[in-house]
Structure formats: C-alpha cells, structure tokens
Amino acid sequence: MDALVSLSKRRGFIFQSSEIYGGTGSCWDYGPLGVELKQNIKRVWWRDYIQRRPDMMGLDASILMHPTVWKASGHVDNFTDPMVDCLECRRRFRADKIDETPWVHHCPATKGNKFTIPAGEPCSHCGVTRTPVEEDASLTYLRPETAQGIFVNFDNVLQSMRRKLPFGIGQIGKAFRNEITPGNFIFRTREFEQMEIEFFVNPLETVEGRPADEYWHERWIEDSMAWFRRYGLGEENLRLREHEADELAHYAKRTADIEYRFPIGWSELMGIANRTDFDLKQHAKFSGKALTYYDEERKEHVVPYVIEPSAGVDRALLAFLADAYREEEVRGEKRVVLRFHPELAPLKVAVLPLLKKREDIVRTAHAIRDELSKDWSVVYDDTAAIGRLYRRQDEVGTPYCVTVDVQTVGDQAKGEVGDGKVTIRDRNSMEQIRVPLEALGSVFRELLGGAAWASVAGRFERKGDG
Ligand code: ATP
C-alpha cells in the first residue's frame, strides 16, 4: 500500500486533500493522472452498462433530497443504531450487541495504533451526513448512497421511457458516510463515489425455471465479476462472498459481495443485493404515491423486485491500481510499471523526440501529438533522455510510446531524406516496431481498441527492445 500511496503522489494520481494545511483526515484529491483514470473507469462502466445494454438507462439525481427519503429508506432510524467495524476480523457488529466483545480499532489519525473504544461511546456507522444546508428549518442530508435517487424516480423513468420489466437504471455519483473507521488510503473515506444500478424485475415471472429476481441476481453477479476481470483484475485476486443470514441487511433476500485481495487483505469491492420490493414499498408508504408496474399479461399491478449491483468508483480505482502495479527487473535495473488495461490507462500514448535540439524532429513530434490527441489522451515529453522517458511512462501505465528520430526526418545537411517512420514501443513487452507516420492512426485504433500487440507488431519491421 505504501508503494501505491507514494507513487500516486509522486506521479500525480492522488494527493492528500488540503495538504498545504496539514491535510484533512481521509480525504483525497485526484491529480491530473488520477482524474483521467477515474474518468476512464466511469466511462467504460457507463458505456458497458448504460449505453450498450438495451435494458438499461441512466440517471443523475441530486445529492440533497427530501429529508423523508431517509426516513423511508431506514437510514435515519439506523442512525441511532450505530455499528462498528472490527479491523482485525473485518466483521461488522451492532455496537449495542458487543458490550462484552473486546473491539480493537486502528486510530484514523495515528494509523497503526490500536485502542479500544469505550463501550457506550460508539460512533454511528453508515449514518447519513447532516449538511449545514437547512431549508425551511428542515434538516437536509448528504446522501449515503446514490440508490435512493433511483427509487424515488422509478415512476418518472417508467412513465417517460415506457419500459417493460425487466429494466435497470444506473447512476454514478458522490455519496457521504459518517464512517467510524475511515482509512486505508482511498479504500474507505467519508466522501466517495458510487456506480450503482437498480435492476427492476417482475416478481411474478420466472426465467429458466427460477423466480425472476433470483435469476437476475445470479446474472448480475456473473456480469460484475466478468467486468472486473475484463479490465484487468486478476482471477486469483477476486472472490465472491455470500452474506450470512445474520449479516444480511433487513431488506435483503440475498447479498453477495465481490471481494478483492487489496494490499490490506481480502475486502469488499462491490455488493450485489436482492433488495426485494422493500424500497419501492417504503417510498410508496411514505410519499403516498403508488410505485407499481402494470403487468399487462396478468392484468395486475405489481411492485417490482430490485437487484442492486453497487460498486465504489474509488475502491475500484484502488483495485485496478493495485493489480496493475509491478516491480520488475530489466537488464539489471528495477522497473516500476503499471500494467493498466489500455482503456483505463490515464495516458494512451506518449510522443517523445529523440533529439530535442533538432527542430524538425520536435516539430514532427508535436504534429503527431496534435493529431493523436484528437482521439486519445496523449502527451509530449522531451525533458529527459529516452531511457528515462520510457521508465516514466511505464510508471504511469502509458501503454505505448512513439519516438521520432533522425531516421524519421532525415538529415538535410547531409542531403539524407527520412524514411517517414516512427518507433512505437509497447509498455508490457518493451518491444519496438517501425511504423509509417500515415499508419499511426489506424495502428493505434487497433491497439487501443483491444488488438493484441503481437498481432499488430508482426506486420511491421522490428527494432530492439526499448
Ligand atoms: P463496507 O462494508 O466496506 O463499508 P458497505 O457494505 O457499507 O461497504 P455498500 O453500502 O454495499 O458498502 O456500498 C457499495 C459500495 O460502495 C461498496 O462495495 C464500496 O465499493 C463502496 N463504498 C461504500 N462505502 C465506502 C466508503 N466509505 N469509501 C469508499 N467506498 C465505499
């Protein structure tokens, strides 16, 4: 974890919030590369789940909501029902149930220090955060999850979009929780971002011989696992953990967590819950508005069941960062490399001039950067020797570098014309190929579109490793 925190700061991924003032506990800011990585995670999530699926739609609900929402959801009542996390066994307890259990916490301020929180003075967990915003003397809250914004808009979406069950609504947005034990870098913070889906199914239907909710729950578990694997998380670092009956939330029929082997050990990456018809019924009760679906086949109104795949953006980012991080030995030297999936990599291509004193080389390199940056995030760097520049790009996970050299542009003084080819270097294998300038766009479309390096490289002239 220390290596990740240090690399994140050094290379512009993640900074401590308000650092010049001594920092704010467990708050983090995403730097120039961190924000790209985060945007990429959200972008592929949105594309894969909202844009590409015919049964899904997006939403962007406001953070501040009517205060009764949190009464209906149960958050305000649970606020008085504080929970605590045991950092040693990673289980959560209701504070009033563990009077006789010795609980050990890491102090959020001093990190490694252990101390016992005196019984009778527990902090609230998952409590909604009260905001200083008070309207008409009624307290508003910062949402502790994005989910409720979806439930309260269920009928709006149903009516405006004319959907048939099953369908889902997805949302990405900030959430806030009064965590008692924030920490472990961006793993647990009081302000974080979620990518949540509420997938509504008809409880009267069966699919492949199973109740529709159970069928879809299983499908979403499989889909979610496959999604994390697709973008780079190792099979050996992912596992599913079913919630035991005694830890199931009161509304849930079944919940399964996808756990990741974080540097701090196996911990929740996302949760996939079958929330039954609890939320829609609660909001119908508290708002007085019917939140039902008319089943035309059966000629009756039903309250849909809902499957909720809920992932944290920051936690996913930490997992992708941890999984990508490698320390390798190359020709007797240590190389730190982030083996990001190309879609997640903050920078896709770095354009590097081999000689920064040669105006024609620099001009060509700038022109390449300008052209490629119409489609991808591309940087130009001439602030060090080439070996150093390659290592820098490895360390931030840039999948490809392009170098422009004398061979590319020729040497007018000697009457030599260039071959119009540049070198592309692959981050993972460090192999290099010579590619004609005019082919760069199409080659990167292939490579960044998911084509294997070997299948593309095979068509071009090889150069030694870089
Ligand atoms: P945990 O047990 O780790 O506190 P949770 O079960 O309370 O998580 P959910 O309510 O299921 O979490 O929220 C869904 C997802 O949101 C989590 O799987 C996690 O990725 C993310 N998440 C929840 N709380 C935090 C937090 N405080 N900081 C960062 N991410 C969080």
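Note that the coordinates shown come from a computational prediction; the quantities given were computed from them, not determined experimentally. (Residues numbered from 1 in each chain as written. Predicted model: local features only at pLDDT ≥ 70, side-chain atom pairs only at ≥ 80, totals over all residues. Heavy atoms only, no water.)

Turning our eyes to something else, we now look at the overall build of the chain. A tally of helices and strands in the chain yields 14 helices and 29 strands. For the chain, the residues scored as buried account for 52% of the 466 residues in total. Considering only contacts in the chain between residues 6 or more positions apart, those separated by 24 or more positions represent 65%. In the structure as shown, the chain presents an accessible area of about 22,000 Å², 50% of it carried by carbon and sulfur atoms. (Helix = DSSP H or I, 4+ residues; strand = E, 2+ residues; numbered from the N terminus. Buried < 20%, exposed > 50% of the residue type's maximum accessible area, 1.4 Å probe, protein only. Contact = heavy atoms within 4.5 Å. Areas by Shrake-Rupley, 256 points an atom, 1.4 Å probe, with all protein chains shown as cover.)

Okay, the sheet that holds strand β10 (residues 167-176) next. Strands belonging to one sheet form pairs held by backbone hydrogen bonds; the direction of such a pair is parallel or antiparallel. With respect to topology, seven strands assemble into an open sheet ordered β3-β10-β11-β19-β16-β15-β14, the strand pairing being mixed. Every interior strand has two partners, whereas the edge strands, β3 (56-58) and β14 (238-242), have only one. Direction aside, the axes of adjacent strands within the sheet are offset by 25 degrees on average. When strand β11 (residues 191-201) meets strand β19 (residues 305-312), the two strands line up antiparallel, connected through six bridges. Paired with F199 across the bridge in β19 is I307. (Pairing = 2+ DSSP bridges. Axes fitted to C-alpha atoms, helices over the stretch in contact; angles between N-to-C directions.)

This paragraph deals with the environment of H301. Tracing the backbone through its elements, the reader meets H301 in strand β18 (residues 300-302). Relative accessible area serves as the criterion here: at 54%, H301 is assigned to the exposed category. Between the alpha carbons of H301 and A290 there is a distance of 9.8 Å; along the sequence they are eleven residues apart.

Residues in contact with the ligand amount to 16 residues; listed here are only the nearest, E179, R188, T189, E268 and R315. Between the ligand and R188, the relevant distance is 2.5 Å, taken from an oxygen atom to a side-chain nitrogen or oxygen of the residue. Side-chain polar atom of E268 to an oxygen atom of the ligand: 2.6 Å apart, as the coordinates give it. In isolation the ligand offers 580 Å² of accessible surface; the protein chains occlude 87% of this area. If you list the elements that add at least two residues to the shell around the ligand, you get β11, β16 (265-274) and β19. With four residues, β16 is the largest single contributor of residues to the shell around the ligand. (Near = heavy atom within 4 Å. Polar contact = N/O pair within 3.5 Å; in protein donor to acceptor, adjacent residues only side chain to side chain.)

The next subject is the packing of helix α2 (residues 32-51) against helix α9 (residues 313-324). Across the interface, α2 lies against α9 with an axial gap of 10 Å and an inter-helix angle of 110 degrees. Relative to α9, the element α2 is oriented roughly perpendicular. On the side of α2, the interface is formed by G34, L37, K38, I41 and K42, while α9 contributes V313, D314, A316, L317 and F320. Of the residues contributing to the contact of α2 with α9, the split by class is six nonpolar, one polar and three charged. (Parallel < 35°, antiparallel > 145°, perpendicular 65-115°, else oblique. Nonpolar A, V, L, I, M, F, W, Y, C, P; charged D, E, K, R; others polar.)

Here we come to the packing of aromatic side chains. Within this structure, the stated rule accounts for 23 aromatic pairs. Where W28 meets F185, the ring centres are 4.8 Å apart and the plane angle is 85 degrees; that geometry is what we call edge-to-face. Of this pair, W28 sits in strand β2 (residues 28-30) while F185 sits in the loop between β10 and β11, and the two are 157 residues apart along the sequence. Taking the relative accessible area as the measure of exposure, W28 reaches 25% and is therefore partly exposed. Taking the centre distance of 4.7 Å and the plane angle of 55 degrees together, the rings of F154 and F200 count as tilted. Taken as a pair, F154 in helix α6 (residues 154-161) and F200 in strand β11 lie far apart in primary sequence, 46 residues in all. (Phe/Tyr/Trp six-rings, centres within 6.5 Å; stacked < 30°, edge-to-face > 60°.)

Per the stated rule, a full pass over the model turns up 49 salt bridges. K38 is the partner of D314 in a salt bridge, and the nearest nitrogen-oxygen pair spans 3.9 Å. Placement of D314 in helix α9 and of K38 in helix α2 is noted, with a sequence separation of 276 residues between them. Taking relative accessible area as the criterion, K38 reaches 9% and is therefore assigned buried. Put simply, R391 and D394 hold a salt bridge, and the shortest N to O gap is 3.7 Å. A residue pair is termed a helical-turn pair when its members lie 3 or 4 positions apart in one helix, as R391 and D394 do in helix α11 (residues 386-396) at three residues. Note on R391: relative accessible area 24%, which makes it partly exposed. You can call D394 buried: its relative accessible area is 0%. Among the charged side chains, a network of salt bridges with common partners joins E328, R335, R339, R391, D394 and R425. (Salt bridge = Lys/Arg side-chain N within 4 Å of Asp/Glu carboxyl O.)

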